[in-house]
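# Secondary and tertiary structure notes
Spelled out, the chains give:
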Amino acid sequence: MIPFNKPYFHGSELVHITEALTSGKISGDGYFTKKCHDFFEHRYGFKKVLLTTSCTDALEMAAILIDIQPFDEVIAPSYTFVSTVNAFALRGAKIVFADSCDDHPNIDPAQIEKLITPNTKAIVVVHYAGVACDMDSIMEIANRFNIPVVEDAAQAIDSFYNGVPLGSIGTFGTFSFHETKNIIAGEGGMLVINDDRYINRAEIIREKGTNRTSFFRGEVAKYGWVDIGSSFLPSDIIAAFLFAQLQNIEKIQTKRKAIWQRYYERLSTALVESDISLPNMPAYATNNAHMFYLVCKTLEQRTSLISYLKGLSVNVVFHYLSLHNSQFYIDNYDGDALIYSDNYSDCLVRLPMFYELELEQVDFICDKIIEYIVDIDI
Ligand SMILES: *Cc1c(COP(=O)(O)O)cnc(C)c1O
């Protein structure tokens, strides 16, 4: 059986965790949290980063920092994970969905502009599969209307838009270290703050609404309740695990990219004559090999391909169900039909993609897909 995903452990995670335990301090913002923060600020030049317990929490922090109020409108893609918008729905926002591009699951900037009203308080974009959205167009619209942008970069670690790291372009970026991502900590996340004005308040919100972070820096004599907030910081045990992964990011990314490239090389010529398409990579985007997917012509074709591969013990899976068609959205809002989002919901299929996947296994999966296409052509 070839699984769809298998979390990768380097081995040094345990060494770091033991070190954290022997240090006697395992609550948040300890030695390893600082190591992770330094890593991101140095490697990607992020202005300010804060580890969180999940990407969902980082998104919730962004919604609080933007000061989302009931009935404010937030524009987001429908083809995404529920957390992208739930963080804003929690604050009472009205979620307004924009469609995907015709040639990519990412949000279509032309759709965003049409949805802006005087009540629009945030634009949330998702770099699907770690491939950048059209950020110049998105930032041009956002700046013209003076609306903050949140990049849900959950899948986009180590990926770039015209050479600029994803997560550093909008007002905020949010990352995930869930075990299904490239770099993992079991559960974990990070908020990137690209605008100085939000840094101080972000530290407070993350520390239960207190100024404890500045107290520990010696900036205030005692700390107390200064704002709303919650407990968004992870234990240093999580950070110890994460730091081991970060130290191996080059190795992990090189292997994942080799797997992705092998899929692409094997399938690109074979699929040319078929009605199944390969991922489209815009010239401005890098590929961080988070995901390898195919887009079938119809739902029936996808169902048949999935069951064919499952019959050969290859676990391939579909992805998001458009959020504008969810029970929660239909019960609470009304929105337009979004044809491209629906198309990816019906037709996109993800192939196995994880560090330990062998190139021989990739070849096997590709051979079977090619045989499947030849068979249905006859
Ligand atoms: C994984 C993911 C999330 C959620 O990340 P968690 O760390 O599990 O909260 C949010 N958005 C997108 C696009 C994701 O892929």
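Once that is clear, we can look at the site of the ligand. Near the ligand you find 14 residues, and of these Thr56, Asp152, Gln155, Ser176 and Lys181 are the closest. Within the side chain of Asp152, a nitrogen or oxygen atom sits 2.8 Å from a nitrogen atom of the ligand. Within the side chain of Gln155, an N or O atom sits 2.8 Å from an oxygen atom of the ligand. Judged by its atoms lying within 2 Å of the grid points, the ligand is housed in the largest pocket. Classifying every residue of the shell around the ligand gives five nonpolar, seven polar and two charged.

Frequently, the measure chosen for interface size is the accessible area removed from exposure when the parts meet. The assigned domain composition of the chain is domain 1 (12-247) and domain 2 (250-376). The centre of domain 1, based on its C-alpha atoms, is set 26 Å off from the matching centre of domain 2. Facing 41 residues of domain 1, the contacting portion of domain 2 comprises 32 residues. Around 3200 Å² of area is buried between domain 1 and domain 2 when both sides are counted, 54% of it from carbon and sulfur atoms. In this structure, the connection of domain 1 to domain 2 is made through one salt bridge. Among the ionic pairs, Arg43 bridges to Glu250, the shortest N-O distance being 3.1 Å. Joining domain 1 to domain 2, the criterion identifies 24 residue pairs in polar contact (both at pLDDT 80 or more).

So, on to the sheet that holds strand β9 (residues 189-193). Strand order in the open sheet made by the seven strands is β1-β9-β8-β5-β4-β2-β3, with mixed pairing throughout. Because the sheet does not close on itself, it has two edges, and the strands there are β1 (48-52) and β3 (94-98). The mean inter-strand angle of the sheet, taken between neighbouring strand axes irrespective of direction, is 20°. Both strand β4 (residues 120-126) and strand β5 (residues 149-152) contribute to a ladder of four bridges, which runs parallel. Paired with Ile123 across the two strands is Val149, which belongs to β5. Along the sheet face, helix α3 (residues 55-65) touches β1, β5, β8 (172-176) and β9 and points at about 160° away from the line of β8. Packed on one face of the sheet, helix α7 (residues 199-206) meets β1 and β9 and runs near 10° to β1.

Time to look at unusual backbone geometry. You will see that Asn146, though not glycine, has its phi angle at about 60°, which is positive. With a phi angle near 65°, Ser313 is a residue other than glycine that sits in the positive phi range. One can find Ser313 in the loop between α11 (299-311) and α12 (327-332). With relative accessibility at 32%, the residue Ser313 sits in the partly exposed group.

Looking at the secondary structure, you find His127 in the loop between β4 and α6 (135-145). For the pair His127 and Thr53, spaced 74 residues apart in sequence, the C-alpha separation works out to 20 Å. Non-local contacts of His127, meaning those with residues more than four positions away in its chain, are made with Asn106, Ala132, Cys133, Met135, Glu151, Asp152, Ala153, Gln155, Ala156 and Leu166. Of note is the side chain of His127, whose polar atom sits 3.1 Å from the backbone nitrogen of Cys133.

So, on to the pairing of strand β2 (residues 73-77). Along β2, five of the five residues are buried, which leaves the element largely enclosed by surrounding structure. Of the two faces of β2, both are covered, the one formed by Glu73, Ile75 and Pro77 as well as the one formed by Val74 and Ala76. Here β2 pairs with β3 via five bridges, running parallel. Note on β3: the bridge partner recorded for Val74 is Ile95. Regarding topology, helix α4 (residues 83-89) serves as the crossover connection from β2 to the parallel β3, and that connection is right-handed.

Below, the discussion takes up the packing of helix α2 (residues 31-44) against helix α9 (residues 236-247). For the pair α2 and α9, interaxial distance at closest approach is 7 Å and the crossing angle is 40°. Here α9 runs oblique to α2, going by the angle between their axes. Viewed along their axes, α2 and α9 form a crossing whose handedness is left-handed. On α9, the residues that touch Tyr31, Phe32, Thr33, Lys35, Cys36, Phe39 and Phe40 of α2 are Asp236, Ala239, Ala240, Leu242, Phe243 and Leu246. For the contact of α2 with α9, the residue count by class is ten nonpolar, one polar and two charged.

Topologically, Pro279 is positioned in the loop between α10 (249-271) and β10 (292-295). Taking the C-alpha atoms as reference points, Pro279 and Val295, 16 residues apart in sequence, are found 7.6 Å from one another. Dropping the residues within four chain positions of it, Pro279 is found in contact with Trp260, Tyr264, Phe292 and Tyr293.

Before going further, it helps to examine the layout of surface pockets. Approximately 520 Å³ is the volume attributed to the largest pocket. Lining of the largest pocket is provided by 29 residues; of these, Phe81, His178, Thr180, Lys181 and Tyr320 occupy positions nearest its centre. When residues of the lining of the largest pocket are traced back to their parent elements, those giving at least two are α3, α4 and β11 (348-351). Counting residues per element, the lining of the largest pocket draws most heavily on α3, at three residues. Tallied by class, the residues present in the lining of the largest pocket amount to eleven nonpolar, 13 polar and five charged. If you add up the space inside the second largest pocket, you get close to 440 Å³. Together, 21 residues line the second largest pocket, and Asp29, Lys34, Arg206, Thr213 and Phe216 are the ones closest to its centre.

Calculation rules
Residues numbered from 1 in each chain as written. Predicted model: local features only at pLDDT ≥ 70, side-chain atom pairs only at ≥ 80, totals over all residues. Heavy atoms only, no water. Near = heavy atom within 4 Å. Polar contact = N/O pair within 3.5 Å; in protein donor to acceptor, adjacent residues only side chain to side chain. 1 Å grid on protein atoms, 1.4 Å probe; cavity = no way out; pocket = protein on both sides within 12 Å on 5 of 7 lines; lining within 4 Å. Sits in = over half its atoms within 2 Å of the grid points. Nonpolar A, V, L, I, M, F, W, Y, C, P; charged D, E, K, R; others polar. Domains from an automatic or database assignment. Contact = heavy atoms within 4.5 Å. Buried area = accessible area lost by both parts, 1.4 Å probe. Salt bridge = Lys/Arg side-chain N within 4 Å of Asp/Glu carboxyl O. Pairing = 2+ DSSP bridges. Helix = DSSP H or I, 4+ residues; strand = E, 2+ residues; numbered from the N terminus. Axes fitted to C-alpha atoms, helices over the stretch in contact; angles between N-to-C directions. Buried < 20%, exposed > 50% of the residue type's maximum accessible area, 1.4 Å probe, protein only. Right-handed = clockwise from strand over helix to strand, strands pointing away. Parallel < 35°, antiparallel > 145°, perpendicular 65-115°, else oblique. Left-handed = near helix turned anticlockwise from the far one by under 90°. Points joined across faces, edges and corners; volume = space filled by probe spheres on them.

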